[in-house]
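Single-letter residue listing:
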Amino acid sequence: MNPDRILILHDGYYDTQLEDLIDNRTEVKTLAETLANLGCLVDQMAFDPHEAHALADRIKSWQPALIFNLVETIDGSGQLAHLACSFLQLLGIPYTGSDAWSMQTTVNKLVTKRILAGARLPTPAWLEPDGEGEFNPGLRYLIKPVFEDGSVAIDRNSLVWCTDAAQLQEKIKARSAETGYLCFAEQFIDGREFNVSLLGETGEPVVLPLAEMEFLGFSESGMATVLNYDAKWTEGSFEYEHIQRTFQPRPGDGTLRDELVRIAKSCWKLFGLRGYARVDFRVDDTGQPAVIEINTNPCLEPDNGISAAASQVGIDFSALISRIAAEAGVSLQQQSYGNKLSVYQDTTANWQDQLTSRLTNPTDLVPCPGQENVQALAEACAVAAVYPMAVTPYYANLAQPDNPSCPIRRQYVPDPAELEHAQDEVDDPLEEERYSPVPGLIHRYPDRVLLQVSLECAVYCRHCSRKRKVGRSSERMTMTTIYQGIAYIRAHPEVRDVLLSGGDPLMLSDDRLAQILTEIRTISHVEVIRIGTRMPVVLPQRITPELVKILQSAKPLWLNTQFNHPREFTFASESALARLADAGIPLGNQTVLLKGINDSPVVMRSLLHHLVKNRVRPYYLYHCDFVRGVGHFRTTIRAGLRLMQQFQGHTSGFAVPSYIIDLPHGGGKVALLASHLALNPENGRIEVENFEGTCYVLDLDR
Ligand code: SF4
């Protein structure tokens, strides 16, 4: 199991107009966001019993540590919701909430009432559709569905008065036919209504502050105090506007409250409830309570019943979710990588806070098992002294804490291998300095230039081609240098494409970036601006609505980012990409092919598919440059070409990037094709031609 992965299992997708079913989607979204903010990697899957085998395979291959079970309905009905619990039990992965038996018994109100009556716990008298039960002449009955949650199919016509049992039975039948739900009749208690929320703590129920639903102005308006569908969902209806929740006890309620707590706790035991639940009561005018419903796994939304009750005692929504997870046996607090900084947990912290809280020393990192020794730390520090280290709390939190080979961790933790290098590895293999007519500007191709506007990055990637420059206090881009670069562009009408790079251009403040973009936009021959940034990957909080507006106003502007592994897709990074894509900014991705990180077909396929799902075109797959200090990440060209063979023709064409090598000695970029393998030269060397027609010899096994 992957200790930081949490799966949300939710209702299947089908067309529905019912708000409470639509609500399940909102609940999933909110929970996903909360879990992501707690530092978890979150995925969501719909439960469809017809696809149980395929779903089990998907879940097993993703290996979540915990599954949040939010399945409330199957094909629009709550009757079979317990199948999801049975499925999860069989799967053997911890899951939240109650088990299949509890769910199956409590979702059926007739079974619930029989069990309650058998245990001598109070519940209103009832009449079943087949005539079983009790009819009390002269009293009103509420006709409601046997299987659906509280307010579904309950409206003003649900409350009836009948002369005898036969007449009531007829009305039950008619109502079942009208609503499409099997109904029964429950004696209506015209009194107060209470919700008692329970939270498991090592198996025992903790009772949260009791909520009373107040029916304001109902008696004056001649309305029955029924909490119906309109009360919950129809804005503007009388019921919606005149029912409110209060946690304020009324004077003299002490005995009643004690009794509600006693009965709610008894229900928890009787029905084997687990995790979290809610018991709903009506109380008659003599102060006698009766259970009308038991909700296993009630809705989890910040302003909903259990969350509202928890917040009364200082348990906020995140803490509530953590407690529910803990009750299922998984501690979300331990999911995060290290806890040295409070902002570690807070992936929503603004981007400046994330930057100031960056971990910049190997001693800041929590070591993996086997890497705790002093020598390993000393070696990492020695590397960081040559090639700076920095990682945002957000990105560090994506790493698997106990896996030294974690594909995320390897991208930011200094490795002693960085200090070793082969003879053909140099600091500047692309000879960028040679093609730099003014500081910070590289003019290698006729019609385009690269302008470095910052040499800082949120995370210093261990595989960076510019590791000779980035993150060093001796190397800074000033506005004077940047303006020199812009003046160069202005003086060269052949330049139609400007790539802002670095470092990471989005390390600049919004104002500074806007100033540079505006200045470049005044140059009439510049057709296109591009930005190369890793922010959506390592600090997605940087993609604020304000930043998006600035980028939008410099259109046509393309943004290329660098996702290297599917684990880098999180709720936060996907939301950042969506903000950019929704604003009409074309997105591309330049993956670096990294040995042991993404050089397997399974990982690469998943990465490519994640990109296109998020509206990002996989643009380049870079063969790792012959840069000093990155040799341990480099695969052979042959391995890269074999990898490409797995995709060309085997997945959507637009999901396949070009495999690019930046030729040594500043030869420029060349696309390598899987067909190069077929040449099969005896000495393993192939010849490629750059854009200037110059031939370069490449060793397939280097
Ligand atoms: S973000 Fe780009 S420039 Fe910065 S360290 Fe990573 S690869 Fe290098």
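The residue numbers shown here count from 1 along each chain, following its written sequence. In keeping with the model being predicted, local features are shown solely for residues with a pLDDT of at least 70 and side-chain atom pairs are shown and tallied solely at 80 or more, while totals for entire chains, interfaces and linings include all residues. Note that water and hydrogens are dropped before the side-chain values are worked out from all heavy atoms of the structure.

### Thoughts on the overall build of the protein
Helices and strands together make up the secondary structure of the protein, namely 23 helices and 24 strands. Projected onto the principal axes, the alpha-carbon positions of the protein cover approximately 100 × 50 × 50 Å. Summary of the burial criterion: residues with accessible area below 20% of their type's maximum are buried, those above 50% are exposed, and those between are partly exposed, where the area comes from a 1.4 Å probe applied to protein chains only. Buried residues in the protein amount to 57% of all 702 residues. Here the protein displays about 29000 Å² of accessible surface, and carbon together with sulfur accounts for 51% of that area. Where helices and strands are cited, they refer to DSSP runs of H or I of at least four residues and of E of at least two residues respectively, numbered from the N terminus. Per-residue accessibility takes into account occlusion by the displayed protein chains alone, with areas from the Shrake-Rupley method and a 1.4 Å probe.

### Remarks on the sheet that holds strand β20 (residues 617-622)
When DSSP finds two or more bridges between a pair of strands, those strands are recorded as paired. Overall, mixed pairing links the nine strands, which are arranged β14-β15-β16-β17-β18-β19-β20-β21-β22 in an open sheet. The sheet terminates laterally at β14 (441-445) and β22 (668-672), the two strands that pair on one side only. Strand-to-strand, the axes of this sheet are offset by a mean angle of 25 degrees, without reference to chain direction. In this sheet, strand β17 (residues 528-532) lies alongside strand β16 (residues 497-501) in parallel orientation, the contact comprising four bridges. Bridge pairing in β17 links L499 to R530. Angles here are taken between N-to-C directions and fall from 0 to 180 degrees, while the axes themselves are lines fitted to C-alpha atoms, restricted in helices to the stretch in contact.

### Describing the pairing of strand β10 (residues 211-215)
Within β10, four of the five residues are buried, which leaves it mostly tucked inside the rest of the structure. Here strand β8 (residues 192-201) runs beside β10; their pairing, made up of three bridges, is antiparallel. The residue of β10 that forms the bridge with N195 is A211. Note that β10 and strand β11 (residues 243-246) share four bridges and pair antiparallel. Bridging from a neighbouring strand, E212 pairs with T246 of β11.

### Some points on the packing of helix α17 (residues 510-521) against helix α19 (residues 545-552)
Packing of α17 against α19 brings their axes to within 10 Å, and their N-to-C directions diverge by 5 degrees. By the angle class used here, α17 and α19 are roughly parallel. Across the interface between the two elements, D510, L513, A514 and L517 from α17 touch E546, L547, I550 and L551 from α19. Residues of the contact of α17 with α19, tallied by class, amount to six nonpolar, no polar and two charged. Roughly parallel means an angle under 35 degrees; roughly antiparallel means over 145; roughly perpendicular covers 65 to 115; every other angle is labelled oblique. It only takes one pair of heavy atoms within 4.5 Å for two residues to be counted as in contact. Side-chain classes are defined by residue name, with Ala, Val, Leu, Ile, Met, Phe, Trp, Tyr, Cys and Pro counting as nonpolar, Asp, Glu, Lys and Arg as charged, and the others, Gly among them, as polar.

### Remarks on the domain arrangement of the protein
Per the domain assignment, the segments making up the protein are domain 1 (2-95), domain 2 (125-188) and domain 3 (433-699). Residue ranges assigned to the domains are those given by an automatic or database domain assignment. One C-alpha centre belongs to domain 1, the other to domain 2; they are set 33 Å apart. Each side of the interface is counted separately: domain 1 has six residues, and domain 2 has four residues. Buried area adds together the accessible area that both of two parts lose upon being put together, with accessible area traced by a 1.4 Å probe. The junction of domain 1 with domain 2 conceals about 390 Å² of combined surface from both sides, 49% of it contributed by carbon and sulfur atoms.

### Concerning the site of the ligand
Neighbouring residues are identified by heavy atoms, a residue being near a molecule or strand if any of them is within 4 Å of it. C457, V459, Y460, C461, C464, G503, R534 and Q562 make up every residue found near the ligand. At a threshold of 2 Å from the grid points, most atoms of the ligand map onto the second largest pocket. Partitioning the shell around the ligand into residue classes produces five nonpolar, two polar and one charged. We place a 1 Å grid over just the protein atoms. Points where a 1.4 Å probe fits but has no way out form a cavity, open points with protein on both sides within 12 Å along at least 5 of 7 lines form a pocket, and any residue with an atom within 4 Å of a point lines it. A molecule is said to be in a cavity or pocket once over half of its atoms fall within 2 Å of that pocket's grid points.

### A closer look at the packing of helix α16 (residues 479-490) against α17
Put simply, α16 and α17 touch, their axes get as near as 10 Å, and they point 20 degrees apart. Comparing the axis directions of α16 and α17 gives the class roughly parallel. For α16 against α17, the interelement crossing comes out right-handed. Two secondary-structure elements touch here, α16 through M479, I482, Y483, I486 and R490 and α17 through R512, Q515, I516, E519 and I520. Tallied by class, residues from the contact of α16 with α17 come to six nonpolar, one polar and three charged. Each crossing gets its hand from how the near helix is turned against the far one by less than a right angle, where anticlockwise is left-handed and clockwise is right-handed.

### Overview of the pattern of salt bridges
Here a salt bridge means any side-chain nitrogen of Lys or Arg lying within 4 Å of a carboxyl oxygen belonging to Asp or Glu. The full count for this structure, using the stated rule, is 41 salt bridges. One salt bridge connects D427 with R628, and the closest N-O pair in it is separated by 4.0 Å. Of this pair, D427 sits in the loop between α15 (409-412) and β14 while R628 sits in the loop between β20 and α22 (637-645), and the two are 201 residues apart along the sequence. When its relative accessible area of 34% is taken as the criterion, D427 is described as partly exposed. The partly exposed category is assigned to R628, whose relative accessible area is 30%.

### Topic: helix α2 (residues 52-62)
Those residues of α2 not exposed but buried are L55, A56, I59 and W62. Taken down its axis, α2 places every buried residue within 135 degrees of arc, on the same side. Exposed side chains of α2 directed beyond 90 degrees from the buried face belong to H53, D57, K60 and S61. Looking one or two residues beyond α2, the residue adopting positive phi is Q63, at roughly 55 degrees. Taken from the helix axis, the directions to the C-beta atoms give the arc we talk about.

### A closer look at the side chain of T561
Tracing the backbone through its elements, the reader meets T561 in strand β18 (residues 557-561). On the basis of relative accessibility, which here comes to 3%, the residue T561 falls in the buried class. Beyond its immediate sequence surroundings of up to four residues, T561 is in contact with T533, R534, P536, V537, G588, N589 and Q590.

### A word on helix α10 (residues 305-312)
Burial runs high along α10: six of the eight residues are buried. As for α10, its buried residues are in contact with β8, β11, β12 (276-283) and α11 (317-327). Remark: G314 follows α10 within two positions and exhibits a positive phi of approximately 80 degrees.

### Considering the layout of surface pockets
If a probe as big as a water molecule is rolled over the atoms, it shows which places are left empty. Grid points are joined across faces, edges and corners, and a volume is the space filled by probe spheres set on the points. Considered as a void within the structure, the second largest pocket measures approximately 1100 Å³ in volume. Taken together, 48 residues make up the lining of the second largest pocket; nearest its centre are L450, R466, S501, Q590 and Y622. Of all the secondary-structure elements, those providing two or more residues to the lining of the second largest pocket are β14, β15 (448-452), β16, β17, β18, β19 (587-592), β20 and β22. Split into classes, the residues belonging to the lining of the second largest pocket amount to 22 nonpolar, 14 polar and twelve charged.

### Observations concerning the packing of aromatic side chains
Pairing of aromatic side chains here covers Phe, Tyr and the six-membered ring of Trp, requires ring centres within 6.5 Å, and sorts the geometry by plane angle: under 30 degrees stacked, over 60 edge-to-face, intermediate tilted. In total, this model carries nine aromatic pairs according to the counting rule given. With 6.1 Å between their ring centres and 65 degrees between their planes, Y395 and Y412 make a pair best called edge-to-face. Of this pair, Y395 sits in helix α14 (residues 393-396) while Y412 sits in helix α15, and the two are 17 residues apart along the sequence. You'll find Y395 and Y412 in the same group, each marked buried. The interplanar angle of 15 degrees and the centroid separation of 4.3 Å between the aromatic rings of F563 and F569 together place this pair among those described as stacked. When the NZ atom of lysine or the CZ atom of arginine is within 6 Å of a ring's centre and also within 35 degrees of its normal, the charge is said to sit over that ring. Directly above the ring of W351 sits R542, whose terminal nitrogen or CZ lies 3.8 Å from the centroid.

### Notes on the sheet that holds strand β6 (residues 159-161)
Read across the open sheet, the four strands follow the order β4-β7-β5-β6; overall the sheet is antiparallel. Of all the strands in the sheet, the pair left with one neighbour each is β4 (126-127) and β6. Note that strand β5 (residues 140-145) and strand β7 (residues 183-187) share five bridges and pair antiparallel. From the neighbouring strand, P145 faces β7, where its bridge partner is C183.

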